[in-house]
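Spelled out, the chains give:
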Amino acid sequence: MTRKLDPDRRPHPGRTLAQRNALDAIGCGEPPRCSPKTIRALLDAGLIVDTGGEVRCDALGSYRIPSYAMPIPVHMQWCSAIAATDEEMASLEGLV
């Protein structure tokens, strides 16, 4: 069940859809699936940090898999923005 966000509670105001999707993925601990330009904009804004990533090797040589995280204050704000309200939680209680 998808819930429609109130425009006043929408996380990441002023960000593009690609940036919001990348922030949502990073906030959930998943890798962002977006362009380097989107990542660069989020890094420049201080909304994410590069956590180094991982170096792997295969038959063609070594390559780096980057990883990103939100700084704690940004993550707390993101969690607050996407959290369900008391009314939304009450409406979901009967679904379990």
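Because the structure is a prediction, the values reported are computed rather than measured.

Thresholds, definitions, all that
- Residues numbered from 1 in each chain as written.
- Predicted model: local features only at pLDDT ≥ 70, side-chain atom pairs only at ≥ 80, totals over all residues.
- Heavy atoms only, no water.
- Buried < 20%, exposed > 50% of the residue type's maximum accessible area, 1.4 Å probe, protein only.
- Helix = DSSP H or I, 4+ residues; strand = E, 2+ residues; numbered from the N terminus.
- Arc of directions from axis to C-beta.
- Contact = heavy atoms within 4.5 Å.
- Axes fitted to C-alpha atoms, helices over the stretch in contact; angles between N-to-C directions.
- Parallel < 35°, antiparallel > 145°, perpendicular 65-115°, else oblique.
- Nonpolar A, V, L, I, M, F, W, Y, C, P; charged D, E, K, R; others polar.
- Core = buried A, V, L, I, M, F, W, Y, C linked by side-chain atoms within 4.5 Å.

**Q** Just to check I follow, could you spell out helix H3 (residues 72-82) for this structure?
**A** Residues separated by three or four positions in an α-helix point in the same direction, a consequence of the helix having 3.6 residues per turn. Among the residues of H3, those classed as buried are Val74, Trp78 and Ala81. Each buried residue of H3 lies within a common arc of 65° when the element is viewed along its axis, so the set occupies one face. Opposite the packed face of H3, turned more than 90 degrees from it, sit the exposed residues Ile72, Pro73, Met76 and Ser80. Residues of H3 that are buried make contact with helix H1 (17-27).

**Q** Help me understand the packing of H1 against helix H2 (residues 36-45) in this model?
**A** The description of two packed helices rests on the angle between their axes and on the distance between the axes. It is at 10 Å that the axes of H1 and H2 come closest, and there the two elements cross at 75°. With respect to their mutual orientation, H1 and H2 come out roughly perpendicular. Residues Ala18, Gln19, Ala22 and Leu23 of H1 lie in contact with H2, whose contacting residues are Thr38, Ala41 and Leu42. Taken together, the residues of the contact of H1 with H2 sort by class into five nonpolar, two polar and no charged.

**Q** Where do I start with the nonpolar core in this structure?
**A** Buried together is how nonpolar side chains tend to be arranged in soluble globular proteins. Of all hydrophobic cores here, the largest spans 11 residues; its members are Ala22, Leu23, Ile26, Ile39, Leu42, Leu47, Ile48, Tyr68, Met70, Val74 and Trp78. It is H1 that contributes the most residues to this core, three residues altogether. When near neighbours in sequence (up to four residues on either side) are disregarded, Leu47 contacts Arg15, Leu23, Leu42, Ala69, Met70, Pro71 and Val74.

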